[in-house]
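# Overview (structure and organization)
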Amino acid sequence: LCDQLMWLRIRSFFPELNKNPVEGFSAGLIDDDDIYKWEVVIIGPQDTLFEGGFFKAYLTFPYDYPLRPPKMKFITEIWHPNVAKNGDVCISILHEPGEDKFGYEKPEERWLPIHTVETIMISVISMLADPNSDSPANVDAAKEWREDPNGEFKRKVARCVRKSQEMAFD
């Protein structure tokens, strides 16, 4: 019964996303037979260095969702302080629920079962627009962002945007 409830909860996101689409991303199943693995495409937000990019990522829901958060991994190369070099997204909303052992995040900033694909995507789009270099997943990108956001950081992001545009229709 519990598995069926999780399956129904995840499945319920589709009609909601179609009925009330959120600007800036699209989402769907990678394989129609696996409700737990989604592909999302985030359109680089306007007035940011990521504008014009098409960044593909996978959103993988755990079998005990919604008690635990999904994992998100960019497949398209992206240079960002909060995205590890392997593509893993590191933001509060996707961190395990409860107390942060380092005391950096409040429990209410971390995963809560009320979050949906929409709230996750809005948080990731916001992260692209406003990186958090205080708690980086990519230390090199965070250093460049802090020290020279319009220099090497901007050049690397521009290269990622161009690559994402070339790969968008593959």
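For the structure, check the block above.
Attention in this report is confined to the structure presented alongside it. (Residues numbered from 1 in each chain as written. Predicted model: local features only at pLDDT ≥ 70, side-chain atom pairs only at ≥ 80, totals over all residues. Heavy atoms only, no water.)

Our focus in this paragraph is the overall build of the chain. Within the chain one finds five helices and four strands. Each helix (α) and strand (β) of the chain, taken in turn from the N terminus, gives the series α-α-β-β-β-β-α-α-α. Each of the 170 residues in the chain was classed as buried or not, and the buried ones make up 40%. Contacts spanning at least 24 positions in sequence make up 56% of the contacts within the chain whose residues lie at least 6 apart. (Helix = DSSP H or I, 4+ residues; strand = E, 2+ residues; numbered from the N terminus. Buried < 20%, exposed > 50% of the residue type's maximum accessible area, 1.4 Å probe, protein only. Contact = heavy atoms within 4.5 Å.)

Geometrically, the link from Tyr 65 to Pro 66 is a cis peptide bond, its omega value of 10° lying close to zero. Among the structural elements, Pro 66 can be located in the loop between β3 (54-60) and β4 (71-74). Positive phi is not limited to glycine here, since Asp 47 has a value of about 60°.

The next thing to look at is helix α5 (residues 152-167). For α5, spanning 16 residues, the distance from its first C-alpha to its last is 23 Å, which sits close to the expected 22 Å at 1.5 Å a residue. Where α5 is concerned, the buried positions are Phe 153, Val 157, Cys 160, Val 161 and Ser 164. Projected down its long axis, α5 carries its buried residues within an arc of 100°, all on one side. Away from its buried face, by an angle of more than 90 degrees, α5 presents the exposed residues Arg 155 and Glu 166. The inward-facing, buried residues of α5 contact β3 and α4 (139-147). (Expected span 1.5 Å × (residues − 1). Arc of directions from axis to C-beta.)

Time to look at the packing of α4 against α5. Here α4 crosses α5 at 125°, and the two axes come no closer than 8 Å. The orientation of α4 relative to α5 falls into the category oblique. Contacts between α4 and α5 pair Ala 141, Glu 144 and Trp 145 from the former with Glu 152, Phe 153 and Lys 156 from the latter. Partitioned by chemical class, the residues of the contact of α4 with α5 number three nonpolar, no polar and three charged. (Axes fitted to C-alpha atoms, helices over the stretch in contact; angles between N-to-C directions. Parallel < 35°, antiparallel > 145°, perpendicular 65-115°, else oblique. Nonpolar A, V, L, I, M, F, W, Y, C, P; charged D, E, K, R; others polar.)

Turning our eyes to something else, we now look at α4. Listed in full, the buried residues belonging to α4 are Ala 141, Ala 142 and Glu 144. Looking straight down α4, one finds that the buried residues subtend no more than 165° of arc, so they occupy a single side. Residues of α4 that are exposed and angled more than 90 degrees away from the buried face: Val 139 and Glu 147. Where the residues of α4 are buried, they touch α5. Looking at where α4 begins, the residue whose side-chain oxygen comes 3.2 Å from the main-chain nitrogen of Asp 140 is Asn 138. (Polar contact = N/O pair within 3.5 Å; in protein donor to acceptor, adjacent residues only side chain to side chain.)

Ile 42, Leu 59, Met 72, Phe 74, Val 89, Met 121 and Val 124 are the most contacted members of the largest nonpolar core, which totals 35 residues. For this core, the secondary-structure elements that each account for two or more residues are β1 (25-29), β2 (37-43), β3, β4, α3 (117-129) and α5. Among all residues touching Met 72, those that are not within four sequence positions of it are Val 40, Ile 42, Ala 57, Tyr 58, Leu 59, Gly 87, Asp 88, Val 89, Leu 94, Met 121 and Val 124. (Core = buried A, V, L, I, M, F, W, Y, C linked by side-chain atoms within 4.5 Å.)

Attention shifts here to the side chain of Asp 100. With respect to the element layout, Asp 100 can be found in the loop between β4 and α3. Within the local environment of Asp 100, its side chain forms a polar contact with the backbone nitrogen of Tyr 104, the two atoms lying 2.8 Å apart. Not counting residues up to four positions away in its chain, the partners in contact with Asp 100 are Glu 105 and Arg 110.

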